[in-house]
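Spelled out from the first residue to the last, the chains are:
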Amino acid sequence: MHGMPDPKEQLERIRRRTEAIIPEEELLHKLERSCRTGEPLRVKLGIDPTAPDIHLGFSVVLQKLRDFQDMGHVAVLIVGDFTARIGDPSGRKTTRPMLSPEEIERNLQTYKEQIFRILDPDPAKVEIRHNSEWLASMTFEGVLELSSRYTVARMLERDDFHQRFHEGVPITIREFLYPLAQAYDSVAVRADVELGGTDQRFNLLVGREIQERYGQEPQVAVLLPLLVGTDGVKKMSKSEGNYVGITEPPQEMFGKLMSIPDSLIEQYVRLLTDLDWEALNKEHPLTQKKRMAFEIVKRYHGEEAAARAQEEFERVFSKRERPTDVPRVEIPSAKLEDGSLWIVELLEAARLVQSRSEARRLIQQGAVELDGQRVESVEARVAVRDGMLLKVGKKRFAEIVLRGDGA
RNA sequence: GGAGGGGUACCCAAGCGGCCAACGGGGCCUGGCUGUAAACCAGGUGGCACUGCCUUCGGGGGUUCGAAUCCCUCCCCCUCCA
């Protein structure tokens, strides 16, 4: 393995945007040895097969894994198909849905398509494993073996377990098994490093100890900051609906990024772009946000698409003009009476509302516009013309296309 | 094994025979102000051509003129003691 950068330089690069490296000296040793022997480090990252959409929060971790790859190391992706059955108690969320092997495989395909927009697909630098490979076949004896290598007291050190224990909130034995199973993954793939968000700190540290108990050199935990979601409060996650997916269309991405609270701009710029925050910080927040959104869209869709997304955003929201791409909705002319239609029915036919009651409410609230003209009355009948623009709220648009009877 | 507390709309949570399509908060939607930010103000947040009707309060059955509210039964969750 030649062309591998100097270990100190590597460490420097790994440190960027990283929350913690535990312990840092060990990582340096591993890097030095790797450089000497030409043996790449095995860098483990667990992926959750229940949520195949990759969002910007996870991209921070993936980007770091990419850094490792670029320095010549191997990404070892662990599909947590078996651990998904246990359900990670981190953050004490309710249990996740059980997935069939087929669903998991389907998700993995989606995952791969997305993951390689960030990772290097070079087969020499990626290894994808399912943890059912070694966990599903583990005997009860194996489980005893594994579980005898960790103590209840150590388990209870974990913040959420600790809290639950003291509040009298039940903790099942099964939940104790989760960190152990994840830790065993590290043994199975002989991980040198494991990546994760800061919420994974405990799990990754258990991995270290378990590896040691199985006679392996412990992995180094590299923790990355958790990105706050577009709501500005909770960490970005699919289930909270506060995420930006890396495969979302440019327009959507740009819009979502513009809607984050100002207080998040710095974090997004630092974690998701290579922009110089110190310089950017002198600008107006709106400018900062646009630059940030532009950079991110550019990363996933290219410069041209990013520029178009920005123009479009400015046209629709700043200048309140008509978007370039408005969904077209066919209205059979048979529905019309003397060329006109009840506004509520029109909204329904255009699928801009979910029910007529909703349509009525929105009209009453002044949210409905026809060709830029606010609809004042719920009872209104409107003359429908081909190419008419229907608008509900700030972002729901539809263009009416009249369809003749004969067609 | 014993004792007790619960299951209400997207979430939390009131209501405990009619005034309940169900208080309040969060979230979300809409309007205003704006920079599609935040903050703030106002309204909305089952369905239906709608001064009314229909479907909702874990499932099923019953009492009653009338039930989210009372009774029976089933399912599920939780706490404490052993």
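Residues numbered from 1 in each chain as written. Chains lettered and ligands numbered in written order. Predicted model: local features only at pLDDT ≥ 70, side-chain atom pairs only at ≥ 80, totals over all residues. Heavy atoms only, no water.

Asker: Explain helix α11 (residues 201–213) to me, please; I cannot follow it from the model alone.
Answerer: In an α-helix, one full turn covers 3.6 residues, which means residues spaced three or four apart are oriented alike. For α11, which comprises 13 residues, the first-to-last C-alpha distance of 19 Å matches the rise-based estimate of 18 Å (1.5 Å per residue) to within 8%. Those residues of α11 not exposed but buried are Phe202, Asn203, Leu204, Val206, Gly207, Arg208, Glu209, Ile210 and Gln211. Trailing α11 by a residue or two, glycine 215 shows a phi angle of about 80°, which is positive. (Helix = DSSP H or I, 4+ residues; strand = E, 2+ residues; numbered from the N terminus. Expected span 1.5 Å × (residues − 1). Buried < 20%, exposed > 50% of the residue type's maximum accessible area, 1.4 Å probe, protein only.)

Asker: Help me understand the layout of surface pockets, please; the structure alone is not making it clear to me.
Answerer: The gaps of empty space that remain are located by a probe, the size of a water molecule, rolled over the atoms. As a volume, the second largest pocket reaches approximately 760 Å³. When contributions to the lining of the second largest pocket are tallied by element, the ones reaching two or more residues are α12 (250–258), α16 (303–318) and β13 (396–403). It is α16 that provides the largest number of residues to the lining of the second largest pocket, a total of nine residues. Across the lining of the second largest pocket, the residue classes break down as 16 nonpolar, four polar and 10 charged. Per-domain counts for the lining of the second largest pocket show at least three residues from each of domain 2 (250–318) and domain 3 (328–403). (1 Å grid on protein atoms, 1.4 Å probe; cavity = no way out; pocket = protein on both sides within 12 Å on 5 of 7 lines; lining within 4 Å. Points joined across faces, edges and corners; volume = space filled by probe spheres on them. Nonpolar A, V, L, I, M, F, W, Y, C, P; charged D, E, K, R; others polar. Domains from an automatic or database assignment.)

Asker: Help me understand the sheet that holds strand β5 (residues 193–197), please; the structure alone is not making it clear to me.
Answerer: One open sheet holds the six strands; their spatial order is β1-β6-β5-β2-β3-β4, and the pairing between them is mixed. Of all strands in the sheet, those bounded by a partner on one side alone are β1 (20–22) and β4 (126–130). Averaged over all pairs of adjacent strands, the angle between their axes in this sheet comes to 25°, without regard to strand direction. Relative to strand β3 (residues 74–79), strand β2 (residues 42–47) is paired through six bridges, and the arrangement is parallel. When the bridges of β3 are listed, leucine 45 appears paired with leucine 77. Helix α3 (residues 56–70) rests against β2, β3, β4, β5 and β6 (220–224) of the sheet, and its axis sits at about 160° to β2. (Pairing = 2+ DSSP bridges. Axes fitted to C-alpha atoms, helices over the stretch in contact; angles between N-to-C directions. Contact = heavy atoms within 4.5 Å.)

Asker: Is there a simple way to think about the sheet that holds strand β9 (residues 368–370) in this case?
Answerer: Backbone-to-backbone hydrogen bonds join strands into a sheet, with any given pair of strands oriented parallel or antiparallel. Spatially, β7-β13-β12-β9-β10 is the arrangement adopted by the five strands of the open sheet, whose pairing is mixed. Of all strands in the sheet, those bounded by a partner on one side alone are β7 (328–332) and β10 (373–374). When β7 meets β13, the two strands line up parallel, connected through five bridges. Directly across from isoleucine 331, in β13, lies its bridge partner leucine 402.

Asker: Just to check I follow, could you spell out empty space enclosed by the protein for this structure?
Answerer: A full pass over the atoms with the stated rule returns two cavities of 30 Å³ or more. Quantified by volume, the largest cavity comes out at close to 40 Å³. For the largest cavity, the full set of lining residues is Val316, Phe317, Arg320, Lys391, Lys394 and Phe397. For the lining of the largest cavity, the class distribution of residues is three nonpolar, no polar and three charged.

Asker: It is not clear to me how the pattern of salt bridges should be interpreted in this structure. Could you clarify?
Answerer: Any two side chains of opposite charge can pair, on the condition that their charged atoms come close. The final tally for this structure, using the stated rule, is 35 salt bridges. Measuring nitrogen to oxygen at the nearest pair gives 3.6 Å for the salt bridge that ties glutamate 358 to arginine 396. With glutamate 358 in helix α18 (residues 356–364) and arginine 396 in strand β13, the pair connects residues that are 38 residues apart, well separated along the chain. The exposure class assigned to glutamate 358 is buried, which follows from its relative accessible area of 17%. By relative accessible area, arginine 396 is classed as partly exposed at 34%. Through salt bridges that share partners, Arg13, Lys64, Arg66, Asp67 and Asp70 make up one connected network. (Salt bridge = Lys/Arg side-chain N within 4 Å of Asp/Glu carboxyl O.)

Asker: Help me understand the packing of aromatic side chains in this model?
Answerer: Each aromatic ring pair is characterised by the separation of its centres together with the angle its planes make. Scanning the entire structure with this criterion turns up three aromatic pairs. The interplanar angle of 50° and the centroid separation of 5.5 Å between the aromatic rings of phenylalanine 254 and phenylalanine 313 together place this pair among those described as tilted. With phenylalanine 254 in helix α12 and phenylalanine 313 in helix α16, this pair connects stretches of sequence that are 59 residues apart. When the ring of phenylalanine 313 is compared with that of phenylalanine 317, the centres are 5.3 Å apart and the planes differ by 50°; the resulting orientation is tilted. Taken together, the positions of phenylalanine 313 and phenylalanine 317, both in helix α16 and four residues apart, correspond to about one turn of that helix. (Phe/Tyr/Trp six-rings, centres within 6.5 Å; stacked < 30°, edge-to-face > 60°.)

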